[in-house]
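# Structure at a glance
For reference, the chains in residue letters:
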Amino acid sequence: MANNNRIFVGTFAESTSLTNFSVKIGYISVLNGKITQKGFIDEFEQLEKSGVLSDYEIIKLSKDQFLIPGFVDCHTHAPQFPNIGLGLDRPLLEWLAKYTFPLEKKYQDTEFAAKVYDQVVQRLLKNGTTTACYFGSLHMEGTLELVKSAINHQQRALVGKVSMNKINEAGYYNDTEKELKEVETFVQTVIALKNDLVEPVVTPRFALSCDKILMDGLSKIANKYNCRIQSHLSENLQEIEYVLETNDNCKCYGDVYDKSGILNNRCIMAHAVHLTDDELKLLPSRGVSVAHCPASNTRLKSGLCPVRRLLNASITVGLGTDVSGGDNATILDAIRRSMDVSTYLELQGQPNSALDWKEAFYLATLGGAEALNLDDKIGNFEVGKDFDALLVDVYAKGGQIEKYKDTLETTNEEYASDLLQRFVFLGDDRNIVQVYVKGVKVKDNL
Ligand SMILES: Nc1nc2[nH]cnc2c(=O)[nH]1
Ligand SMILES: [Zn+2]
């Protein structure tokens, strides 16, 4: 339907907090991309009888289908996708020098950038990632190609041109003045597009790539344009050692960012695997969120991030795939890995560490939206929010979830919750049959 006004009738699941998860059978109406109403089935039947729905496309879900909020990937590196699955036998700093910086350097070639980014955005939408917070590369023009791809394919995207001014073996860095100028131009260019799905993010790569002058300058730009900031924090023990060696006036890694005014409630830090007790207080006091990237932390042997400890310290946490430190570009995988890693910690003697599937589902949806400060717009099906959603068919043709017994004649909430559980543990992109971003259908395999 041209006006994109739709009513979905069937099961929908959502979180309203870490501990509050619900599965309901009812309806959700979407008008001009926004959720305008939701309610129970009998209320829908009344609306249908009253004839007020003539302008709407009515989508009736089957018993084995349900709607969930779109997945939020709080941290991934778009230029690193061609390296996915490669070089993961090395720890972080070696992996960056040998694999990552040489690849990212190639994005000087804008045509190459455009090609890769177009594929990345489409792949993530297919996987159900309706919102992604991206690191681009050092190159302004190349990173603008990522912005273009997100706009063309209608993905909600926060995009950062990566900043680096410290010398490295690959020669992958900028002179400070040039860097600050390009970041400001990048931010201005993205803001000038006035696209409501895409925003710029100021992106100092990490403390080992940026000196204090650059970091101070980036902080100023972020404040001037009220921009978000993203970076990496306390990912790997050797990294932390070097950061402290080169910043002897700082008592912890977080201090390096704090001294430049980087830490605020528009800032999201990836990893935070090895936070000190001081940092556990510092981050929430500044309103900083964390993108938890369990696949990458395991693959690069960075460590097991104690997510429960972060959550107990009142830090807002979302999930990140961190490709290509992470080997999988799906938030479904991040959900599972977050459960695994937190369970290992519990098995090693840290009580109550393990996340259950509903908590991991929250991190993948509302938690991610909160971490990116987008929870006024997305993260669940609250009336007034944008309709970013996945239509899931648990027994989709070709998928790997098989029916071993007949489905119930009539659906109920317990049955629906079991279906969702199976999808969380076993599902993949084949089960995600439709994807909506702000009410627009961006994938349709129904
Ligand atoms: N995982 C990861 N950590 C980083 N720290 C600095 N840069 C990177 C990166 O590209 N990936
Ligand atoms: Zn990263």
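The structure reproduced in this document is the subject of the present report. (Residues numbered from 1 in each chain as written. Chains lettered and ligands numbered in written order. Predicted model: local features only at pLDDT ≥ 70, side-chain atom pairs only at ≥ 80, totals over all residues.)

### Structural notes on the overall build of the chain
Across its full length, the chain holds 14 helices and 16 strands. Against the 2.2 N^0.38 benchmark of 22 Å for 446 residues, the chain shows a C-alpha radius of gyration of 22 Å, consistent with a compact globule. Relative to its 446 residues, the chain shows a buried fraction of 52%. Expressed as a percentage of contacts within the chain between residues at least 6 apart in sequence, the contacts between residues at least 24 apart total 76%. (Helix = DSSP H or I, 4+ residues; strand = E, 2+ residues; numbered from the N terminus. Rg over C-alpha atoms; globule rule 2.2 N^0.38 Å. Buried ≥ 20, exposed ≤ 12 C-beta atoms within 10 Å, placed from the backbone. Contact = placed C-beta atoms within 7 Å.)

### Looking at the environment of Lys441
Positionally, Lys441 belongs in strand E16 (residues 440-444). Of the residues examined, Lys441 has 15 C-beta atoms within 10 Å and is grouped as partly exposed. As a C-alpha pair, Lys441 and Leu390 span 51 residues in sequence and 9.7 Å in three-dimensional space. Apart from the residues lying within four places of it in its own chain, the contact partners of Lys441 are Gln434 and Tyr436.

### Quick word on the site of ligand 1
Inspection of the region around ligand 1 gives His77, Leu92, Leu96, Thr100, Arg205, Phe206, His232, Glu235, Ser296, Asp322 and Gly325 as its neighbouring residues. Sort the elements by how many residues they give to the shell around ligand 1 and helix H2 (residues 92-105) lands first, with three residues. By residue class, the composition of the shell around ligand 1 is three nonpolar, five polar and three charged. (Near = placed C-beta within 6 Å. Nonpolar A, V, L, I, M, F, W, Y, C, P; charged D, E, K, R; others polar.)

### Quick word on the sheet that holds strand E11 (residues 267-271)
For sheets, the rule is that strands pair by backbone hydrogen bonds, running either parallel or antiparallel. In spatial order, the strands read E6-E7-E8-E9-E10-E11-E12-E13; together these eight strands make up an open sheet with parallel pairing. For this open sheet the edge positions go to strand E6 (71-77) and strand E13 (317-319), each flanked by a neighbour on one side alone. In this sheet, neighbouring strand axes are inclined to one another by 25 degrees on average, regardless of whether the strands run parallel or antiparallel. One ladder, built from two bridges, connects strand E9 (residues 198-204) with strand E10 (residues 228-233); its direction is parallel. From the neighbouring strand, Val201 faces E10, where its bridge partner is Arg228. (Pairing = 2+ DSSP bridges. Axes fitted to C-alpha atoms, helices over the stretch in contact; angles between N-to-C directions.)

### Brief notes about the environment of Asn265
Along the polypeptide, Asn265 turns up in the loop between helix H8 (253-258) and E11. Residue classification places Asn265 among the exposed positions, given that 12 C-beta atoms sit within 10 Å. Sequence separation between Asn265 and Ser289 is 24 residues, and the spatial gap between their C-alpha atoms is 7.5 Å. Apart from residues lying up to four places away in sequence, Asn265 is in contact with Gly287 and Asn373.

### Here we look at helix H14 (residues 413-426)
Here H14 contains 14 residues, and its C-alpha end-to-end distance of 20 Å stays within 8% of the 20 Å for a straight helix at 1.5 Å per residue. Of all the positions in H14, only Ala416, Leu419, Leu420, Phe423 and Val424 are classed as buried. Down the axis of H14, the buried side of the element spans an arc of 140 degrees, and every buried residue falls inside it. Looking at H14, the residues exposed on the side facing more than 90 degrees away from the buried face are Glu414 and Asp418. Looking at the buried positions of H14, the neighbouring elements they touch are strand E1 (6-15), strand E2 (21-31), strand E5 (65-69), helix H12 (331-347), helix H13 (357-371) and strand E14 (389-393). (Expected span 1.5 Å × (residues − 1). Arc of directions from axis to C-beta.)

### With respect to unusual backbone geometry
Look at the link from Val323 to Ser324: it is a cis peptide, with omega at 5 degrees. Along the chain, Ser324 turns up in the loop between E13 and H12. Even without a glycine there, the phi angle at Asn226 is positive, about 55 degrees. If you trace the backbone, Asn226 turns up in the loop between helix H6 (212-225) and E10. We classify Asn226 as exposed; it has 8 C-beta atoms within 10 Å.

### Things to note about the packing of helix H5 (residues 176-192) against H6
Running from N to C, H5 and H6 cross one another at 20 degrees; their axes reach a closest spacing of 10 Å. Classified by the interaxial angle, the pair formed by H5 and H6 is roughly parallel. Handedness of the crossing formed by H5 with H6: right-handed. In this structure, H5 contributes Thr176, Glu179, Leu180, Val183, Glu184, Val187 and Ile191 to the contact, and H6 contributes Ile213, Leu214, Gly217, Leu218, Ile221 and Tyr225. (Parallel < 35°, antiparallel > 145°, perpendicular 65-115°, else oblique. Left-handed = near helix turned anticlockwise from the far one by under 90°.)

### So, the pairing of E10
Of all six residues making up E10, six are buried, and the element is well covered by its neighbours. The side-chain alternation of E10 yields two buried faces, one formed by Arg228, Gln230 and His232 and the other by Ile229, Ser231 and Leu233. The parallel pair E9 and E10, bridged by H6, forms a crossover whose chirality is right-handed. Sheet analysis places E10 next to E11, joined by five bridges and oriented parallel. Paired with Leu233 across the strands is His271, a residue of E11. (Right-handed = clockwise from strand over helix to strand, strands pointing away.)

### Some points on the nonpolar core
Taken as a class, soluble globular proteins show a tendency for nonpolar side chains to be buried jointly. Core analysis: the largest hydrophobic core is formed by 132 residues, its most contacted members being Phe66, Leu67, Tyr134, Val159, Ile335, Ala364 and Leu372. Sorting elements by how many residues they give to this core places H13 first, with eight residues. Each residue touching Tyr134, except ones within four places of it in the same chain, is listed here: Thr76, Ala78, Leu146, Ala157, Leu158, Val159 and Gly160. (Core = buried A, V, L, I, M, F, W, Y, C linked by C-beta atoms within 7 Å.)

Without other data, these values stay purely geometric and don't point to any function.
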